[in-house]
Structures are given as C-alpha cells and as structure tokens.
Amino acid sequence: MAGYYEIDNIIMGEELVSVVFRVGANGVGVLDPGSDSNIVEQGAKVDLPFWLAYELYLRQAVTLNVPPAFNQKTRKEIQADPACVDLRSRCPYFYEVGCKIAPLVGDRSIGSFLLDAFRGRYREVLSKAHSTASVTASKSILSKEECECKATILYYAVIT
C-alpha cells in the first residue's frame, strides 16, 4: 500500500464526496445529519469522507456522485482559461481526487479533463516564467500537486 502513511494522502482521504445509499443501513444514522433515527434509508444522499465512501463503494452499499469540482460548470471554466481558476478553493487535492474518483463514478472523461487542465495551467506558468513582465508576480497559480508533477495524472490520461 504505497503512500499509506503520507500526510497528503491522509488529508486527501478526508475530502467529502456525495454518495447515495443503495441499501438501508442500521446503526449508522450519525452519518446522515438529516436523520432522526440510527438508520440510513435506501436512497439517502449523504456527504462522506472519500476513504469511507470508497470502502462502502467496494461493498456495493453506495454509489458515488461526481464531486462539484468536476462538474460541467467547472469544466467550462477550466477550458476557457485554466490558469484563472482557483483549484485550491474548489478541491485542495484536485488531481488526486480526480484520479481516484474517475473509475468509481464511471466518468471516463475526467482523466482527459485532468490532463488538459494540468497542461493548460503548466503552459501558463512556463510562459510567465519566461517573460520579464511577470517577474514581480508573487502568487503561484499552481497548487502543490501541480508543482510535484504527479505521474498518476499522465498515467490515468494515457490509459483512458
């Protein structure tokens, strides 16, 4: 289990994901803030941390919804100008969450979307780095993930 003890991986696992319960569950009513009982009904929509949503998905207890950071509105904004979109405010671990959630929600376009977003943002950084007008710019538009150039983004985009 590579990266199990990495703090970034642990924090990424806390990202909230919207799920719909396929089956009723007894004793877990605390997961549903709108529930008065200790039971989560079938069809209940609940926001769970990714690590828990993933485990419940593997047990076929829930279906995952595409997070808001990957919806059509965000995609159009990134396609228009990737460098102007603040990914940190939408999802601090945008690329990692995208790579992990894409196979679970069945949206094969997320991989190419992540690659296009990364390319566009990286291209903008390179052009600013080579121009003298942006030497005084202090705020980086790249997130920590983008600076590390995770190979998983490219790998996932190649296999889709």
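Residues numbered from 1 in each chain as written. Predicted model: local features only at pLDDT ≥ 70, side-chain atom pairs only at ≥ 80, totals over all residues. Heavy atoms only, no water.

Draft legend 1. Geometry of unusual backbone geometry. The phi angle at Gln 60 is positive, at roughly 60°, despite the residue not being glycine. Relative to the elements of secondary structure, Gln 60 occurs in the loop between α2 (50-58) and β5 (62-64). (Helix = DSSP H or I, 4+ residues; strand = E, 2+ residues; numbered from the N terminus.)

Draft legend 2. Here's a closer look at the packing of aromatic side chains. Under the definition given, this model contains six aromatic pairs. Centre to centre, the rings of Phe 94 and Phe 113 are 6.0 Å apart; their planes meet at 75°, and the pair counts as edge-to-face. A residue pair is termed long-range when its members are at least 10 positions apart, and Phe 94 in helix α5 (residues 94-105) and Phe 113 in helix α6 (residues 109-129) qualify at 19 residues. Overall, Phe 113 belongs to the buried group, its relative accessible area being 6%. Arranged with centres 5.7 Å apart and planes meeting at 10°, the rings of Phe 118 and Tyr 122 form a pair that is stacked. With Phe 118 and Tyr 122 both in helix α6 and four residues apart, this pair spans about one turn of that helix. Given a relative accessible area of 34%, Tyr 122 falls into the partly exposed group. Taken together, the ring pairs in this structure connect Phe 70, Phe 94, Tyr 95, Phe 113, Phe 118 and Tyr 122 into an aromatic cluster. Above the face of the Phe 113 ring, Arg 75 is positioned so that its terminal group lies 5.2 Å from the ring centre. (Phe/Tyr/Trp six-rings, centres within 6.5 Å; stacked < 30°, edge-to-face > 60°. Buried < 20%, exposed > 50% of the residue type's maximum accessible area, 1.4 Å probe, protein only. Lys NZ or Arg CZ within 6 Å of the ring centre and 35° of its normal.)

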